[in-house]
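A closer look at the structure
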Amino acid sequence: MATAAEYKKEFTKGLLRENPILRLVLGTCPTLAVTTAVMNGLGMGAATTFVLVCSNIVISLLRKVIPDKVRLPAFIVVIAGFTTIVEMLVKAYLPAIDSALGIYLPLITVNCIILGRAEAFASKNSVGLSALDGLGMGAGFTAALVLMGGIRELLGNGTLFGWPDGGLIHPITIFVLSPGGFFVFGMLIWLTNRLADRLEKKGIKVETAAGCAACPNAACCNVVASKTEAKAEGNEPESSGNGKVESVE
Amino acid sequence: MENRLVVSSSPHLHSGVSTREIMLDVLIALSPAAVASVLLFGWRAAAVILVCVASCMASEYLSAIVLKRPQTVGDLSAVVTGVLLAFNLPATIPFWQAAIGSVAAIVVVKQMFGGIGHNFVNPALIGRIVMMASFPSDMNNWVTPLQGRMVDGLASATPLESMAQGEMAYSYQQLLVGIRPGSLGETCIIALLLGGAYLVVRRVISPAIPLVYIGTVFILTWIAGENPLIHVLSGGLVLGAVFMATDYATSPINTAGKVVYAIGCGLLTVLIRIYGSLAEGVSFAIVIMNVLVPLIERATRPLPFGEERRFAIWQKK
């Protein structure tokens, strides 16, 4: 059984440390497409969080039943099932959100974040931990979407949650178009990385839990290479460095 | 007397021309059009130019401080960007919008990509395009020149807009002198040609890009059955061909590359003007060709003696 601290860690990692959008840069397509208004971001975030938590729970329950070779189709079937449920619910009860999100609602099925959590977490961990992982990731996703939607709606349309009618400020329309979306996205990633650097300097560990080794680019990445080199060589670089300085003089 | 033999990388010879001198030449070349814009559109034209230049210089100065780069505000390139951006705006544009366009041009396009020489497209054009996407109604608020030189002149369509609707309201003489609605600096063709001739004489630009660009537009609109002279004399074609498409950082180095680039600009301009939903396509045409410049450079690289030409744009390793 996992301890309370572990549960807390699995929940909070999605908020900043491994925020799926701003730190892992997953699921960028729906992020850029739907964040033209706060309400759309909130709706997309809530729908994705629901699918994420449910699919994490079910996949975690089935993790010993699903054969390894066909795990991806199996995961997708589970995710698609929950996406269909969400789609029908939103169509029935929130038609305005449905028309605003359009094709991006059924496309939750192929959202990288959900398949990523299924593959990286739910298929290896217990039900409780997986549910909290999904909830934390969903909360981080929703927070990022609401933030982006807020900035873009305020600057690009002059409103927040569609209020007030006339607009607070003169709209700078480019912020609700795709170039503005990319610009705000880049700015938010920059700010998050600055925030993470600040926290790290204060001694709070922010590095992604999976570490650099899990990254697909690890084989050709300088940072990874220098880290493993330093570990392997220990104190040796210092002494050889001294020798070099002497010979130059 | 030590180290008399300094080993350094090329270039070893320097013509002595500095960025500041080149930019000063460009500003001198722009001044006839600036005077013409004030004569045509009144005091507000001067105010728009001032706002753009001031906000471009402030953006350049502040971003160099924030990014901890050497201060480049003294090389006058920000002034040129500001004047060019102002030349692309209608005289009625609100000042704060002109300032936002200037910030987008200098901070986003120029400084964020590495400062002078590293901008991947023309900063002034992106400033204009950002403003066109952001404030479409204010950016299309054209006034007829010489209307008592006041802001509330008669709102009217540009020659290209009226031509798109099948009517021609301006004579060649009016188009040459600039008595027609349009952006500040684009209307007076004579002043722009004067500036262009100065730049060619001073060897700041080579005539290849402007001549081929304007020639392509002339020939293609003639083939398409439109009036080629009116296409050349209206819109921002001459301003774009002489001052925007010739930006050093975003145009090819070789003459062959320049010709390919200018033909591309002309083709895109004509396609947008005739088949696009916008009446004018010079800024988008130049920006699209700016992005293609690295590929053009690679295809037109001079051949070292004895090597075979490879016709692939993407070189195999």
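Residues numbered from 1 in each chain as written. Chains lettered and ligands numbered in written order. Predicted model: local features only at pLDDT ≥ 70, side-chain atom pairs only at ≥ 80, totals over all residues. Heavy atoms only, no water.

Overview of unusual backbone geometry
The backbone of F161 of chain A shows a phi angle near 55 degrees, a positive value even though the residue is not glycine. Here F161 of chain A lies in the loop between α7 (127–157) and α8 (178–201). Exposure remark for F161 of chain A: the relative accessible area of 51% places this residue in the exposed category. Even without glycine at this site, K68 of chain B takes up a positive phi of about 55 degrees. Tracing the backbone shows K68 of chain B in the loop between α2 (43–66) and α3 (77–87). (Helix = DSSP H or I, 4+ residues; strand = E, 2+ residues; numbered from the N terminus. Buried < 20%, exposed > 50% of the residue type's maximum accessible area, 1.4 Å probe, protein only.)

Some words on the interface of chain B and chain A
Much of the literature gives interface size as the accessible area that the parts lose upon coming together. Opposite the eleven residues of chain B that make contact, chain A presents eight residues. If you sort the residues of chain B by the area they bury against chain A, W96, A133 and S134 of chain B come out on top, with a joint share of 50%. Viewed at the interface, chain A and chain B are joined by zero salt bridges. Counting every contact that joins chain B to chain A gives two residue pairs in polar contact (both at pLDDT 80 or more). Sorting the residues of the side of chain B that touches chain A by element identifies α4 (95–111), α5 (123–134) and α6 (136–139) of chain B as the ones contributing at least two each. A class-by-class count of the residues in the side of chain B that touches chain A yields eight nonpolar, two polar and one charged. (Contact = heavy atoms within 4.5 Å. Buried area = accessible area lost by both parts, 1.4 Å probe. Salt bridge = Lys/Arg side-chain N within 4 Å of Asp/Glu carboxyl O. Polar contact = N/O pair within 3.5 Å; in protein donor to acceptor, adjacent residues only side chain to side chain. Nonpolar A, V, L, I, M, F, W, Y, C, P; charged D, E, K, R; others polar.)

Brief notes about the packing of aromatic side chains
Residues and elements named next belong to chain B. Under the criterion given, the structure shown has three aromatic pairs over all chains. On the basis of an interplanar angle of 75 degrees and a centroid distance of 5.4 Å, the ring pair of W96 and F135 is categorised as edge-to-face. Here W96, found in helix α4, pairs with F135, found in the loop between α5 and α6; they are 39 residues apart in sequence, far enough to count as distant. The buried category is assigned to F135, whose relative accessible area is 2%. With a centroid separation of 4.6 Å and 45 degrees between ring planes, the pair formed by F113 and F120 is classed as tilted. Judged by relative accessible area, which is 40%, F120 ranks as partly exposed. Between the NZ or CZ atom of R44 and the centre of the ring of F95, over which it lies, the distance is 4.3 Å. (Phe/Tyr/Trp six-rings, centres within 6.5 Å; stacked < 30°, edge-to-face > 60°. Lys NZ or Arg CZ within 6 Å of the ring centre and 35° of its normal.)

Distances and angles like these do not, on their own, reveal function.
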